[in-house]
Amino acid sequence: MTNTEGLRGQSAGQTALCTVGKTGSGLTYRGYDIEDLAAKAQFEEVAFLLLKGYLPNQGELPAFKARLRANRGLPAALRTVLEQIPASAHPMDVLRTGCSMLGNLETEHKFSEQQEAAERLLALLPSMICYWYRYAHDGVRIDTALDDDSLGGHFLHMLRGHVPPELDVKVMHCSLILYAEHEFNASTFAARVCASTLTDLHSAVTAAIGTLRGPLHGGANEAAMAMIEQWSGPDEAERELLAMLARKDKVMGFGHAVYKEKDPRNAIIKPWAKQLGQAVGDRVLYPVSERVEEVMWREKKLFANADFYHASAYHFMGIPTRLFTPIFVLSRVTGWTAHIMEQRAHNRIIRPNADYVGPGHQQWVPIAQR
Ligand SMILES: CC(=O)SCCNC(=O)CCNC(=O)[C@H](O)C(C)(C)COP(=O)(O)OP(=O)(O)OC[C@H]1O[C@@H](n2cnc3c(N)ncnc32)[C@H](O)[C@@H]1OP(=O)(O)O
Ligand SMILES: O=C([O-])CC(=O)C(=O)O
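Note that the coordinates shown come from a computational prediction; the quantities given were computed from them, not determined experimentally.

Thresholds, definitions, all that
- Residues numbered from 1 in each chain as written.
- Chains lettered and ligands numbered in written order.
- Predicted model: local features only at pLDDT ≥ 70, side-chain atom pairs only at ≥ 80, totals over all residues.
- Heavy atoms only, no water.
- Pairing = 2+ DSSP bridges.
- Helix = DSSP H or I, 4+ residues; strand = E, 2+ residues; numbered from the N terminus.
- Near = heavy atom within 4 Å.
- Polar contact = N/O pair within 3.5 Å; in protein donor to acceptor, adjacent residues only side chain to side chain.
- Areas by Shrake-Rupley, 256 points an atom, 1.4 Å probe, with all protein chains shown as cover.
- Nonpolar A, V, L, I, M, F, W, Y, C, P; charged D, E, K, R; others polar.
- Core = buried A, V, L, I, M, F, W, Y, C linked by side-chain atoms within 4.5 Å.
- Buried < 20%, exposed > 50% of the residue type's maximum accessible area, 1.4 Å probe, protein only.
- Domains from an automatic or database assignment.
- Contact = heavy atoms within 4.5 Å.
- UniProt positions renumbered as here; feature names shortened; annotations may be inferred.
- Buried area = accessible area lost by both parts, 1.4 Å probe.
- Salt bridge = Lys/Arg side-chain N within 4 Å of Asp/Glu carboxyl O.

1. Notes on the sheet that holds strand S1 (residues 18–20)
Whether parallel or antiparallel, the strands of a sheet pair through hydrogen bonds between backbone atoms. In space, the three strands of this open sheet follow the order S1-S2-S3, with antiparallel pairing throughout. Of all the strands in the sheet, just S1 and strand S3 (32–33) have a single pairing partner and so form its edges.

2. Quick notes on the site of ligand 1
Among the 18 residues in the neighbourhood of ligand 1, the closest are listed as Leu-216, His-217, Val-251, Gly-253 and Phe-254. The separation between an oxygen atom of ligand 1 and a polar side-chain atom of His-217 is 2.9 Å. In the complex, the protein chains occlude 66% of the 930 Å² of accessible area that ligand 1 would expose alone. Here the shell around ligand 1 is built from residues that sort into nine nonpolar, five polar and four charged.

3. Some remarks on the nonpolar core
In terms of nonpolar packing, the biggest core is built from 108 residues, with Tyr-29, Phe-155, Val-292 and Ile-319 touching the most fellow members. Examining the composition of this core, we find that 13 residues originate from one element, helix H6 (residues 114–138), more than from any other. The residue makeup of this core includes at least three contributed by each of domain 1 (18–214 + 323–345) and domain 2 (220–317). Sequence-distant contacts of Val-292, that is, excluding residues within four places in its chain, are made with Met-227, Ile-228, Trp-231, Ala-237, Leu-241, Phe-254 and Phe-308.

4. Quick word on the UniProt feature "active site" (unreviewed entry) in the chain
According to UniProt, the positions carrying the feature "active site" (unreviewed entry) are His-256 and Asp-307. Spanning 52 residues, the annotated positions come together in the fold, the maximum distance between their C-alpha atoms being 10.6 Å. Within the fold, His-256 resides in the loop between helix H12 (234–246) and helix H13 (264–279). Not counting residues within four places of it along the chain, the set of residues in contact with His-256 comprises His-182, Asp-263, Arg-265 and Phe-303. With respect to the helices and strands, Asp-307 occurs in helix H15 (residues 306–316).

5. Observations regarding the site of ligand 2
Residues in close proximity to ligand 2 include His-182, Asn-185, His-217, His-256, Arg-265, Phe-328 and Arg-332, which together make up its full environment. Within the side chain of His-182, an N or O atom sits 2.7 Å from an oxygen atom of ligand 2. A distance of 2.7 Å separates an oxygen atom of ligand 2 from a polar side-chain atom of His-256. When ligand 2 sits alone it has 270 Å² of accessible area, and the protein chains cover 83% of it. When its residues are assigned to classes, the shell around ligand 2 shows one nonpolar, four polar and two charged.

6. Remarks on the domain arrangement of the chain
Domains assigned within the chain are domain 1 (18–214 + 323–345) and domain 2 (220–317). Once you take the C-alpha centre of each, domain 1 and domain 2 turn out to be 25 Å apart. In this complex, domain 1 contributes 28 residues to the contact, which on the side of domain 2 involves 25 residues. Buried area between domain 1 and domain 2, both sides added, is near 2,300 Å², and the carbon and sulfur share of it is 65%. Our count for the domain 1 to domain 2 interface comes out at zero salt bridges. The interface formed by domain 1 and domain 2 contains 12 residue pairs in polar contact (both at pLDDT 80 or more). Of all the secondary-structure elements, those providing two or more residues to the side of domain 1 that touches domain 2 are helix H1 (34–40), helix H8 (166–179) and helix H16 (324–345). When residues in the side of domain 1 that touches domain 2 are grouped by element, the largest group, nine residues, is from H8. The residue inventory of the side of domain 1 that touches domain 2, partitioned by class, reads 14 nonpolar, nine polar and five charged.

Structure below.
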């Protein structure tokens, strides 16, 4: 593999949204450290920061949250489509289809409508996934226009059918902040490539959802869960993990295309996973996770990325594994739509070259002679 494969290490454009690994391990959103945002901000403040370019003041934040609350309801035609999708479908495919359908029902006709379209998607995606999930699994048509203050609380309320405890809402805030934005990651880049053709916002977000789904990107939190839940304790985990490494299997939730020392989001989500594990009396999953992290560093110098401890944290909150990557979508839609707007503001169609490695010039052979 050449060093430049996967465009690794190359600049593919400019952004004012985020820095990743500029000092080896740091992460900032519009100049603010992720540690400060995760400890001090509400997710909605971070969403506003990404979408508008500055932190909201005391008047702007409640107004923004009120707009998000008012935008939670699903159009009837979208509910009808969601009701057709079987319970066996992957929830990421449901979001992809739902986002595309919304583009038919609430088409973004002019770019001057982009802020409203972005806020609508942010407010409505939790309703979309929970409406489908509860209908497909329990046959219940949930009320999505609940009055929860926060997006994370609203999501948990719809999913469970009751108001969630404060600890779970706090963890959701933190998780949504950590997942909101990450420069030119694969799904954001897909959204920007799409936007660079001057297509509509829903098309670009649909492309991003499809890109996030894979296990090398957002799908890693689900894949990490599938791996750690197989093991009955740390010793079995270590044995099996060493066998995986000997086979050169990829270990999901480890490594990163940009960070070289650590992923700063790991140190923030890990203590929450520990606290949630203690709250539910876990004696297996968290110790297994810690051993996996220890062995990966000892054997390969590979560190846990944002996805690894998200797996156990979500699991301890009772969230079904197949909804892990969709939660990533509910958050990253802020980064995607902010990047789409940034791309449009300084647009040139994204169209790199390729190094040709195919056959030399060929003589045409008529089909009867082949
Ligand atoms: C929120 C996010 O999207 S974070 C990323 C989530 N994805 C995952 O957790 C999936 C597992 N991780 C991976 O597949 C990779 O680390 C990626 C996709 C994140 C980054 O890929 P790359 O930039 O190509 O990785 P990198 O160049 O650092 O790899 C160096 C070597 O380490 C190995 N390696 C990297 N990550 C892992 C891993 N998780 N498990 C085992 N080996 C690994 C590579 O195979 C490569 O080995 P080689 O030189 O023998 O081929
Ligand atoms: O930046 C990346 O390549 C992947 C990542 O961590 C993210 O999208 O959050």
